[in-house]
Amino acid sequence: MELLRRATPLAEKTQPRLARAKGHLNTILSRGRLTPRYLNEALLLMAKVHYVQGRYRDAQGMCARVGLEELTQDDQPTYHLRLLAEAFVIKGLSLDHQTVSAVSRIRLSEREEESLSCYLRACDAALSYLQELDRTSTTPHNKNVKNSLTPPLDIELGYFLQAALQSAYLCLLQRGHLAQGAHQLRRVLRVVESQGSRSFRKSAARKLAQVLLSSVSEDSYWPPLGPPPSAWLHREGAAASKDAIYPTVKPPLRYTTDSCFCPQDVVEEAVLLLLITESMASGDAVISRMPDQADARNASLQDATSVYDLLTIGMARRGQYAMLSECLERAMKFSFNEFHLWHQLGLSLMAAGKGVAAVSVFKECARMRPDDPSLPLLAAKICIGQLHWLQEAESLSQSVVSMGEEAGEFLPRAFLALGLSYSLQSSDAPLRAQRDEFNKKALRALSKAHSLDPMDAQIGMYLALQLALVRQVSAAMDPLQEALSLHAEDLHSLHLLTLLLSAQKHHRQALDTLGLALSQHPDNFNLLFTKVKLEEVVLGPAAALQTCEEMLQCWQNRYDVGRSIETDESSSIPLAEKTEAVPITRKPSLHLTLPDFQDASTGSPSPSSVAASRLEAALSEVSDVSSTRRQGPTYIWTTLEHIWLQAGELFIADGRLKEAQFCVAEASSLFPNSHSVLLQRGRLAELRGQLDEAKGLYDEALAIHPTGERILVHLGRLMVKMGRVHLGEKVLRDAVQIHSTSHEAWSGLGEALQARGCSQAPEHFLTALELEASCPIRPFAVIPREL
């Protein structure tokens, strides 16, 4: 359409064959003895000649002389429909080319309406022609030969016929009539498909998806089978749908709409259109790498890329990154060294949580563009966050650091990634010397990042976190204050400030700061766990247990498997999170509440038999739904396990062992072999005086998590209590070696040395006191280190 509209007129002097054709047509028309059929054909051919010569009024006049009724009769040849379609589009283009004076606005409006009418009729005539061509090409020519069908035609559509198919919706959209343009696109897509209309349907479906995604909101969407809203038509200057102006052209056959699937919202329709288009574009892709196929290969790649870009927009609105990555993977067969599609695939894999594949794709992208520092950093981000491939992350970050100033604004981020990889490797290192070395490297890298970009709040926060991890609490306050001045509402910065205040024993201030963080992020479980610990110190276990109760309620509101999605529509969780995190089951909703029964010895009116019966009932209920509970993602259930275990610790601190046993049973129903569950079961056994059972449970927990700080400390102290001092000392020395900043490990080792009369015990107690003075309410490592 655009090629015809902007084409340079042809001159007879430079086009001798055109001059000869025009001479023949003039000779035929001057004889005056033609039948109506041949006269119409000659007039339409002459109209085409006039148009390509730039004589638009003459072309329009030739079209006006044609007898349309003659050309639309049923007994006319099929090619008359093609001539008719071309005549309409030529007339419409000729009208558009003619200028109108500024005072003739009414005439201009009439001319625009006339040209649009021509385009609408041209589209129907062209579609009818292609359908008729299909029907005649598949009709047996020899009745004596069974199943003698001609092969499907490989139709090469000319410029005028292609323009006839495109003209109506392009005209409407160019004039800003989005509703009518979308309606026209939907009309042509419901036309029965023919061999020649395949390419047109592909471009029309892509155009409709583009209009829907760019111009139609969720609230203003209207169903595909209905007319556009009257408000849209009125705004576009149309009183009704354009369906009423087709009577002079044979209408094309359309698919029936009985029992058909109808999209319910704008994104659903757009994605459905694009998936259909993607299957066609992928099937038509040119894979050959031969030099003579370069133009066709580039055209098919450009065609497919536009579809995948629109698919990215549509699927990202619904969070369907896994499906998007599958679509982009299909494009890889014709995307050799095509950076854009590889980059899109990497981003979609990253968003879908497919970290291993994403890293491989980003490495391939980096090979294509070795000067782009963002690509190794994206791979490093996945290695640090999703995969915990710390050495790989270090290598990728170092590759950007080695670019120096050529990395530009990415250089500080590269030092940040390098510092985080060193910091995490320090946490994993088994030997103290290795940890110290990694900590020094991390501090150097993060300090360099901070000096390069002091206005990056995230860099300042992670520098403060690294200083806190090596117990330089006072020094950590300065970069953290700078980070908060840049981003006062940052979740991790406020959490780190809370932990630093608790490390300085300003627990009331820490609780106030945490309240500010929770006002911004009320449902963040990491903050809530810190709140429980602070409330236990400041307000006592009873207040902390109330927060645990609220956490259980919060978990149930967000993730309870007992409720279906239909009853959870009022929730603030996005749809993607609901479908991922709320498995649908027919079982009734669980009521997660903390036990309120007490031991009889405490004066509570509830006898121990009631406690036992409630515990038994709870265990039976848990066992009944344990298989159902585990249907969702693991992080949901580990969160619930931690809530129950936290409540159990509070009950233990309050001396209420039966209630603690209830909480441990709930956690055990989720993860029976969890080292945290085994540890708390061992603590309960130890408090009841069952030391051998406690040791067995601690041993099991240690076998699962050999470097667990609390497991080693409790096991070592239990060994000392049981009289096995040397073995207890060995376990506690392991704890000190692995967790050199644990004051409990140093204190326990001092107790073991004191038990065997060693003179070094006071030194260990002093070290424990010194470490305890800078110990936060929860470990600093609870703040995630992610790029």
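Residues numbered from 1 in each chain as written. Predicted model: local features only at pLDDT ≥ 70, side-chain atom pairs only at ≥ 80, totals over all residues. Heavy atoms only, no water.

S.K.: Looking at this structure, I do not really get helix 24 (residues 507-520). What am I missing?
M.R.: Helical geometry note: an α-helix holds 3.6 residues per turn, so side chains three or four residues apart project in the same direction. Here helix 24 spans 20 Å end to end across 14 residues, near enough to the 20 Å set by a 1.5 Å rise per residue. Of all the positions in helix 24, only His507, Ala510, Leu511, Thr513, Leu514, Ala517 and Leu518 are classed as buried. What you see down the axis of helix 24 is that its buried residues fit within an arc of 165°, all on one side. Those residues of helix 24 that are buried lie in contact with helix 23 (491-503) and helix 25 (525-538). (Helix = DSSP H or I, 4+ residues; strand = E, 2+ residues; numbered from the N terminus. Expected span 1.5 Å × (residues − 1). Buried < 20%, exposed > 50% of the residue type's maximum accessible area, 1.4 Å probe, protein only. Arc of directions from axis to C-beta. Contact = heavy atoms within 4.5 Å.)

S.K.: Would you mind going over the packing of helix 19 (residues 410-428) against helix 21 (residues 457-469) with me for this structure?
M.R.: Helix packing for two helices is described by the angle between their axes and how far apart those axes are. Where helix 19 contacts helix 21, the axes come no closer than 11 Å and their chain directions differ by 25°. When the axes of helix 19 and helix 21 are compared, the pair comes out roughly parallel. As for the relative orientation of helix 19 and helix 21, their crossing is left-handed in sense. Contacts between helix 19 and helix 21 involve Pro412, Arg413, Leu416, Leu420 and Ser423 from the first element and Gln458, Ile459, Tyr462, Gln466 and Leu469 from the second. Among the residues forming the contact of helix 19 with helix 21, the class breakdown is six nonpolar, three polar and one charged. (Axes fitted to C-alpha atoms, helices over the stretch in contact; angles between N-to-C directions. Parallel < 35°, antiparallel > 145°, perpendicular 65-115°, else oblique. Left-handed = near helix turned anticlockwise from the far one by under 90°. Nonpolar A, V, L, I, M, F, W, Y, C, P; charged D, E, K, R; others polar.)

S.K.: What should I look at first to understand unusual backbone geometry in this one?
M.R.: Trans peptide bonds make up most of the peptide bonds, and negative phi angles are found at most residues other than glycine. Phi is positive for serine 259, which is not a glycine, with a value near 55°. Along the polypeptide, serine 259 turns up in the loop between helix 11 (230-235) and helix 12 (266-283). Residue serine 259 is classed as exposed on the basis of its relative accessible area, which comes to 83%. Of note in the backbone geometry, histidine 388 takes a positive phi value of approximately 60° without being a glycine.

S.K.: Sorry if this is basic, but what is going on with the environment of alanine 163 here?
M.R.: Mapping alanine 163 onto the fold places it in helix 8 (residues 159-174). Linking alanine 163 and methionine 1, residues 162 residues apart in sequence, is a C-alpha distance of 4.5 Å. Filtering out sequence-adjacent residues up to four positions away, alanine 163 remains in contact with Met1, Leu4 and Val89.

S.K.: What am I meant to see in the packing of helix 33 (residues 709-721) against helix 34 (residues 725-738) here?
M.R.: It is at 7 Å that the axes of helix 33 and helix 34 come closest, and there the two elements cross at 160°. Classified by the angle between their axes, helix 33 and helix 34 sit roughly antiparallel to one another. Taken as a pair, helix 33 and helix 34 cross one another with a handedness that is left-handed. For the pair helix 33 and helix 34, contact is made by Leu712, Val713, Leu715, Gly716, Arg717, Met719 and Val720 and by Val725, Leu727, Gly728, Val731, Leu732, Asp734, Ala735 and Ile738, respectively. Of the residues in the contact of helix 33 with helix 34, the class split is eleven nonpolar, two polar and two charged.

None of the figures reported here should be taken as evidence of function without further support.
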